[in-house]
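Fold and contact review
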Amino acid sequence: MIAYFFKGIDFGTVAFAGTIFAFVLTCLLLAKCTKILPRDHGREFAHDGSLSAGKPRGAGFIFVLVFVLTSVIFAKMNVEIAIYLILVVAAMLTGFLDDCAKTPWGEYKKGILDLIIAVMIAVTFLNFNKNTILIASINQNVTINKIVFGVLIVILVWASINVTNCSDGVDGLSGTLTIITLSSIFVIDYLRKMDSDFAYLILVMIISIMAYLWFNATPSQMLMGDAGSRAMGLFIAIAVLKSGSPILYLLVAGVLIVDGGLGLVKVALLRFLKIAILKKTITPLHDHARKNKGWSNTHVVYRFSIIQILLCVIAVYLAWK
């Protein structure tokens, strides 16, 4: 927005100012406004879930709003980006209202809301972008039927929201993995000279999450809650779609997919098909690593992050070659 009012200002200067603004404002608000956040009751089925009891929860409400505010003020806006920001806020609010609720929302209620948001993302993306994707491994563009592409986008968005949400259970884990994922997408966009306006939003989101992690490193002072994890998952899906190679999601978010997604598959197979798999494996996998493997929280964050970095290096290489 600033760029429109001050035509003579170099956008690089504006962009730099925006990142500083996002970091400082997020830190200040998280330090001063935790009293407005709900308190965690402790996660009944999570390993060491009781240790979270009493901590401020829903910090995603703050850093997501700062991300959106910074984007509106400092980024080059258009209708497509505006719609994405509105939907990111919608995903954050569904999570925050669940964080605030005395009785957690049911899985089906959240799933339907995720589906509505996913459909709106698909309609928006196909309205402003071509129904073509780049297969990075063979450097070949493929055009997909719009209806089929729309269905695939819905699946991607719904899955990304939920696997990211399920991965939020260890101090600093989901935020760190999201930063690694978004950073790799940012690099891919830079190498391919993709839409720089949206790429700047990726940078702002990374900075906002970094400010949150200042307070979330073990032992954490606060938790992002569903408000943060659901918004991050949605934004990852949008970012990988805008990269032009959504299949790379399998690499750039590989640890999030396995950590959070395995539990979703396990529960779905048991509930709907009465098929029990991985009976001795606790899901999400970060709980299995802590309880059955004896990993500390620090071990989980570092080791999961190392694996994710390696996967992202492969993704960047495929996009670059």
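The structure contained in this document is the topic of the report that follows. Predicted model, so just to flag it, every value in this text is computed and none were measured.

This part takes up the overall build of the protein. Tallying secondary structure elements over the protein gives 13 helices and 2 strands in all. Here the protein has a C-alpha radius of gyration of 19 Å; the compact-globule value for 321 residues is 20 Å, and the two agree. When the backbone C-alpha atoms are referred to their principal axes, the protein occupies close to 55 × 45 × 35 Å. The buried share of the protein, reckoned over its 321 residues, is 52%. Counting contacts in the protein only where the partners sit at least 6 residues apart, residues at least 24 apart contribute 75% of the total. On the protein, roughly 15200 Å² of surface is accessible, and the fraction owed to carbon and sulfur atoms is 70%. Here the protein holds 27 positive side-chain charges and 17 negative ones, and the gap between their average locations is 3 Å.

Another point: the packing of aromatic side chains. For the structure on display, the rule yields 8 aromatic pairs. Ring geometry for Phe21 versus Phe74: centroids 5.3 Å apart, planes at 50°, classification tilted. Remark: Phe74 occurs in helix H3 (residues 60-74) and Phe21 occurs in helix H2 (residues 11-32); sequence separation between them is 53 residues. Accessibility expressed as a relative area gives 29% for Phe21, which makes it partly exposed.

What follows deals with the packing of H3 against helix H9 (residues 225-242). Between H3 and H9, whose axes approach to 7 Å, the crossing angle comes to 40°. Put simply, H3 runs oblique to H9. Residues Gly60, Phe61, Phe63, Val64 and Phe67 of H3 touch H9, and the partners they reach there are Ala227, Gly228, Ala231, Met232 and Phe235. A per-class count over the contact of H3 with H9 returns 8 nonpolar, 2 polar and no charged.

Bridge analysis of strand E1 (residues 132-135) against strand E2 (residues 140-143) gives 4 bridges, and the strand direction is antiparallel. Following the sheet pairing, Thr132 is matched in E2 by Thr143. If you look at the hairpin formed by E1 and E2, you'll find 4 residues sitting between the two strands, and Asn139 has a positive phi there, around 50°.

Calculation rules
- Within each chain, residue numbers correspond to sequence positions counted from 1 in written order.
- Restriction of local features to residues with pLDDT of at least 70 applies here, the model being predicted, together with a cutoff of 80 or more for giving and counting side-chain atom pairs; totals for whole chains, interfaces and linings are based on all residues.
- Excluded from the side-chain calculation are hydrogens and water; included are all heavy atoms of the structure.
- A run of DSSP states H or I qualifies as a helix once it reaches four residues; a run of E qualifies as a strand once it reaches two. Both are numbered from the N-terminal end.
- Only the C-alpha atoms count toward the radius of gyration. The rule for a globule is 2.2 Å times the residue count to the power 0.38.
- Here's how the labels work: a residue is buried when its accessible area is under 20% of the maximum for its type, exposed when over 50%, partly exposed in between, all with a 1.4 Å probe on protein chains only.
- Whether two residues are in contact is decided by their heavy atoms: any pair within 4.5 Å suffices.
- Here, Shrake-Rupley sampling with a 1.4 Å probe gives the accessible areas, and only protein chains in the shown set may cover a residue.
- Asp and Glu count as negative and Lys and Arg as positive, but His and the ends of the chain are not part of the count.
- Positions of charges follow a simple convention, taking NZ of Lys, CZ of Arg, CG of Asp or CD of Glu.
- Each Phe, Tyr or Trp ring (for Trp, its six-membered ring) is paired with any other whose centre lies within 6.5 Å, and the angle between the two planes then decides the class: stacked below 30 degrees, edge-to-face above 60, tilted in between.
- Angles run from 0 to 180 degrees between N-to-C directions of axes, and those axes are lines fitted to C-alpha atoms, restricted for helices to the stretch in contact.
- Any angle from 65 to 115 degrees is called roughly perpendicular, while one under 35 is roughly parallel, one over 145 is roughly antiparallel, and all others are oblique.
- Each residue gets one of three labels, nonpolar for Ala, Val, Leu, Ile, Met, Phe, Trp, Tyr, Cys and Pro, charged for Asp, Glu, Lys and Arg, and polar for the others, Gly among them.
- Strands are labelled as partners when DSSP assigns at least two bridges between them.

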